[in-house]
Amino acid sequence: MSDTLLTNLHVKYIQNLGKNKDDLTYHMTAHLRMNAVYWGVTALCIMKHKDALDAEETIEYVMSCWDDEAGAFGAHPGHDAHILSTLSAIQVLATHDALARIDAPRVIDFVLGLQQPSGVFAGDAFGETDTRFLYCAVSALSLLGALDRLDRARTVAYLAACRNFDGGFGRVAGAESHAAQVWVCTAALAILDRLDVIDVSTLGWWLAERQLPNGGLNGRPEKLEDVCYSYWVLSSMAILNKLTWIDATALTRFILSAQDPDGGGIADRPGDMVDVFHTLFGVAGLSLLGYPGLDDLDPVYCMPASLIERLGLKKGWKALPRREA
Amino acid sequence: HGVRRTRDTQQALAAKRERDKAKLSAYLVLTDDILIRACTLSLLHNLFTRTFKKNKDWSREAFGLTTQLLSTHTDVINPEFYTIWNYRRNILLQRYLSGKVCHPPHISIIRSPFILRSSPDEIHEVLDNDLAMTTKLLKVHPKVYWIWNHRRWCLEHIPEGPNSANAQAWRLSTWERELFIVEKMLEADSRNFLAWDYRRYVVASMPARRSDKAELAYTTKKIEANFSNFSAWHQRTKVISSLWASGETDKASSLQKEFALVQNAMFTLPEDQSAWLYHRWLIGSGDDKVILEREIEVVQTLLAEQPDSKWCMDSLVTYKLLLLNNHLHVGSQESINVTKQCLALLAQLEEIDPMRRQRYHDIG
């Protein structure tokens, strides 16, 4: 049980990912490899160890996932383009100042072509729709400087249609509120300067009620706590300037207790297997909570705050002040 | 998510490696006769993406390979390998449906009418097989988006029957079966939001449309089975709103029934947030003073029985504030009293729910 962030162990954990190509798990997760690279790179940035992974190697890997038929990125070389992996690719390249390597016009066309008449976005040509994909589109266009090409009215109208009785948002219009969907909708509205769509006091309340007696956060009523909700819920609250409505000390303790003190990495809850997804979101949550020694994270983009500021994309949001070590 | 970590000893690790190797070997034996010699799973996946997919092999063999990679060999299948689902659909399109292969971003292809390459019988059979395949997979992987999506795609491509007298027969029976299947999924896990989303999709798309009232009855059933079923309460808000909007149900009398239902839940399970959230939604902006005051009374009664109930206190604060802002005159004795009551409740809330202390303070 640890009461401090085991930064060096987590850095090593991330460095070792992808080294063990004989591991069955490695191959079983090829369909989200691009996302995993983004999670790993971003976690390293927050922990101030950006150089722990070789930049050029990372960039080469990202570019090897280019799907030239579609004009966008897949999860792994040879995998079909999808909006999820496309955003992750853009995020990784932006983090390494390599956005120029992207064939931006083609990617922009790919993204815009996925918008449906209702305003929601599909993930790829096979048409699954989800507000996650809407967020990916808005964030991607924003990072590529092409937000002006988006049909804002239609996009915002769809987000409004996803708003539920509890102030939260679901994955499609009519769907139940879920913290991850709350984040993608809130962040998308932040990028589009339309936070007015949100009933802040009701949603703030719903988000605050995600905190359980053990200090962890769940994703919706009557569900278990999970470290990744430390990100989805916290970042939403940071955007709405309601981060003080949860107990930061209890949550910090919970996140730290989900670390693996032997091999590094963070799990969904104490005692479970770690993975890079929960490692990023645990560290991201700690950063928003002002944990000492970490870099600031932009909760709208889930990328280093300094980078987003440099790109001129910073929106109004409030994290807890960074504590001294 | 949710996988326990074990302190792996060297022995245990070695044993795991052997087991994984065995799985890989068994997997590879199966694929041996499909022209693939692979010594690792990565080679197999690479061969899929770089050979079959690159050469646009739409053969039966290729189709069979996707079946194995997605579902047959339960030890090593990966139903989340979305590229393989895409490929499978493209084979179906190429061999049976339009002959047009789907490339992003031309989504219009899948939504526009398609030319039937095979007879309706053949198409129906092959899609029915895929539906059966996804049913099996969903039992083991009920939360994998890609499987639900493939199911939806199959449904949308079921053709009209060849019998002109009852051209819609296939579609009717297929969609009825969908409703049955999704109800089974919700019995297994009443909070599976992918299943609820799918249910909403089926109800909205069925050729024999289900009425809002029928759907309302379904949510009543789920709620009465478990007052804590937030997903069912959520569904109810959608269905009821639709009934009110269409005028099919008189809002005023319906509202009374809803308050009765939710009060039952509140008194039975006062610690469960679902009913309280629903109650708050029914109150809405608090325009109706009679309802507002009545419900404040109800919650007050419950608080007397459950003096430590945070939900009671929080709701009272919310409703009294609505009363204050909408119905009471500034500076009147009543408004002063209500304000004092709210502040007292907020102070109590800070005590019993210290995690959310700042919120109560902010409201104060």
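Since this is a predicted model, take the numbers as computed values, not measurements.

Peer 1: Would you mind going over the nonpolar core with me for this structure?
Peer 2: The nonpolar side chains of soluble globular proteins are, as a tendency, buried together. Within the largest apolar cluster, 222 residues are counted, with the highest numbers of intra-cluster contacts made by Trp183(A), Tyr231(A), Trp232(A), Phe281(A) and Trp233(B). Apart from the residues within four sequence positions on either side, Phe281(A) is in contact with Trp39(A), Val227(A), Cys228(A), Ser230(A), Tyr231(A), Trp232(A) and Cys302(A).

Peer 1: Would you mind showing me how to read the side chain of Thr237(B) here?
Peer 2: Structurally, Thr237(B) can be placed in helix α11 (residues 230–246). Classification of Thr237(B) by relative accessible area gives buried; the value is 2%. Polar contacts involving the side chain of Thr237(B) include one to the main-chain carbonyl oxygen of His234(B), which spans 2.6 Å. Contacts of Thr237(B), omitting those with residues within four sequence positions, involve Phe165(A), Tyr278(B) and Trp281(B).

Peer 1: Explain the packing of helix α7 (residues 145–156) of chain B against helix α8 (residues 169–188) of chain B to me, please; I cannot follow it from the model alone.
Peer 2: When two helices pack together, you describe them by how their axes are tilted relative to each other and by the distance separating the axes. Residues and elements named next belong to chain B. Contact geometry of α7 with α8 gives a least axis separation of 11 Å together with a crossing angle of 165°. With respect to their mutual orientation, α7 and α8 come out roughly antiparallel. As α7 packs across α8, the resulting crossing turns out to be left-handed. From α7, Trp148, Arg151 and Leu155 reach across to α8, where they touch Thr174, Trp175, Glu178, Ile181, Val182 and Met185.

Peer 1: Is there a simple way to think about the interface of chain A and chain B in this case?
Peer 2: Every contact between the two is made by 69 residues of chain A and, on the other side, 63 residues of chain B. Contact between chain A and chain B buries roughly 6200 Å² in total, counting both sides, with carbon and sulfur atoms accounting for 55%. Taken together, the links from chain A to chain B amount to 4 salt bridges. Across the salt bridge formed by Arg191(B) and Glu176(A), the nearest N and O atoms sit 2.9 Å from each other. Counting every contact that joins chain A to chain B gives 20 residue pairs in polar contact (both at pLDDT 80 or more). Looking at the side of chain A that touches chain B, the elements with two or more residues in it are α2 (24–28), α10 (200–208) and α13 (276–288) of chain A. Looking at side-chain class alone, the side of chain A that touches chain B contains 27 nonpolar, 20 polar and 22 charged residues.

Peer 1: Which parts of the structure should I look at to understand the state of the cysteines?
Peer 2: Simply put, disulfide is the name for a covalent bond between the sulfur atoms of two cysteines. For the structure on display, the rule yields 0 disulfides over all chains. Not engaged in a disulfide, the cysteine Cys302(A) finds its nearest cysteine sulfur in Cys45(A); these two sulfurs lie 11 Å apart.

Peer 1: Whenever I open this one, the packing of α11(B) against helix α12 (residues 251–268) of chain B confuses me. Can you help?
Peer 2: Residue and element names in this part refer to chain B. The geometry of α11 relative to α12 is characterised by a closest axis approach of 11 Å and an angle of 170° between their N-to-C directions. On the basis of the axis angle, α11 is roughly antiparallel to α12. Mapping the contact onto sequence places Trp233, Arg236, Ile240 and Trp244 in α11 and Lys251, Ser254, Leu255, Glu258, Leu261, Val262 and Ala265 in α12. For the contact of α11 with α12, a count of residues per class yields 7 nonpolar, 1 polar and 3 charged.

The rules behind the values
- Residues numbered from 1 in each chain as written.
- Chains lettered and ligands numbered in written order.
- Predicted model: local features only at pLDDT ≥ 70, side-chain atom pairs only at ≥ 80, totals over all residues.
- Heavy atoms only, no water.
- Core = buried A, V, L, I, M, F, W, Y, C linked by side-chain atoms within 4.5 Å.
- Buried < 20%, exposed > 50% of the residue type's maximum accessible area, 1.4 Å probe, protein only.
- Contact = heavy atoms within 4.5 Å.
- Helix = DSSP H or I, 4+ residues; strand = E, 2+ residues; numbered from the N terminus.
- Polar contact = N/O pair within 3.5 Å; in protein donor to acceptor, adjacent residues only side chain to side chain.
- Axes fitted to C-alpha atoms, helices over the stretch in contact; angles between N-to-C directions.
- Parallel < 35°, antiparallel > 145°, perpendicular 65-115°, else oblique.
- Left-handed = near helix turned anticlockwise from the far one by under 90°.
- Buried area = accessible area lost by both parts, 1.4 Å probe.
- Salt bridge = Lys/Arg side-chain N within 4 Å of Asp/Glu carboxyl O.
- Nonpolar A, V, L, I, M, F, W, Y, C, P; charged D, E, K, R; others polar.
- Disulfide = S-S within 2.5 Å.

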